[in-house]
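The primary structure of each chain is shown beneath.
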Amino acid sequence: MRRYNTVALRRVGVRLSLMPPDFGEIGKMVGIGAPIAMAGVVFSLVYISLGYGLADVARHVMGCRLTQNALMTDDVAGIICLSLVL
């Protein structure tokens, strides 16, 4: 894939000039990008909150059942959180 910089573009006849921003076009880009960004933020917050909630549940359940085993509840909670993140 060819990379173009300003010198290479000038060689092929493309002229770049400074212009004021077109706020109508920027508004269109924001109109498309904002809902996508908000969906990502909401998904991330739900994902993180589920991770914390399930870690607390796992700590409670595994702590009650595995009190005498070598597997510690923090390790189980960490494994569950890691599996949610990955």
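Caption draft 1: Region of the structure containing the overall build of the chain. Within the chain, the regular secondary structure consists of three helices and zero strands. Overall, the chain shows an N-to-C arrangement of helices and strands of α-α-α. Counting only residues that meet the buried cut, the chain has 8% of its 86 residues in that class. By element, 68% of the accessible surface of the chain is carried by carbon and sulfur atoms, the whole surface being about 7700 Å².

Caption draft 2: Structural detail: the pattern of salt bridges. Applying the stated criterion to the full structure yields one salt bridge. In this structure, E25 and K28 form a salt bridge, with 3.4 Å as the shortest nitrogen-oxygen distance. A residue pair is termed a helical-turn pair when its members lie 3 or 4 positions apart in one helix, as E25 and K28 do in helix α2 (residues 23-65) at three residues. Among the residues examined, E25 registers a relative accessible area of 40% and is labelled partly exposed.

Caption draft 3: Just the packing of aromatic side chains, in detail. Applying the stated criterion to the full structure yields one aromatic pair. Considering the side-chain rings of F43 and Y47, the 5.6 Å spacing of their centres and the 20 degrees angle between planes classify their relative orientation as stacked. Taken together, the positions of F43 and Y47, both in helix α2 and four residues apart, correspond to about one turn of that helix. A relative accessible area of 56% places F43 in the exposed class.

Caption draft 4: Region of the structure containing the environment of L54. Summarising the element assignment, L54 is placed in helix α2. With relative accessibility at 38%, the residue L54 sits in the partly exposed group.

Caption draft 5: Main features of a nonpolar patch on the surface. A cluster of nonpolar side chains, namely F23, I26, M29 and V30, defines an oily patch on the protein surface of about 430 Å² accessible area. Structurally, I26 is set in helix α2.

Caption draft 6: Broad picture of the confidence of the model for the chain. Mean pLDDT over the chain: 76, with 64% of residues reaching 70 or higher. Confidence, expressed as mean pLDDT per element, reaches its minimum in the chain at helix α3 (residues 73-85) with 65 and its maximum at α2 with 83.

Caption draft 7: Here's a closer look at the environment of I80. Its location among the elements puts I80 in helix α3. For the pair I80 and L54, spaced 26 residues apart in sequence, the C-alpha separation works out to 7.6 Å. Setting aside residues no more than four positions away along its own chain, I80 makes contact with L54 and A58.

What counts and what doesn't
- Residues numbered from 1 in each chain as written.
- Predicted model: local features only at pLDDT ≥ 70, side-chain atom pairs only at ≥ 80, totals over all residues.
- Heavy atoms only, no water.
- Helix = DSSP H or I, 4+ residues; strand = E, 2+ residues; numbered from the N terminus.
- Buried < 20%, exposed > 50% of the residue type's maximum accessible area, 1.4 Å probe, protein only.
- Areas by Shrake-Rupley, 256 points an atom, 1.4 Å probe, with all protein chains shown as cover.
- Salt bridge = Lys/Arg side-chain N within 4 Å of Asp/Glu carboxyl O.
- Phe/Tyr/Trp six-rings, centres within 6.5 Å; stacked < 30°, edge-to-face > 60°.
- Patch = residues over 30% accessible without salt bridge, like charges linked within 9 Å, V, L, I, M, F, W, Y side chains within 5 Å.
- pLDDT = per-residue confidence, 0-100.
- Contact = heavy atoms within 4.5 Å.

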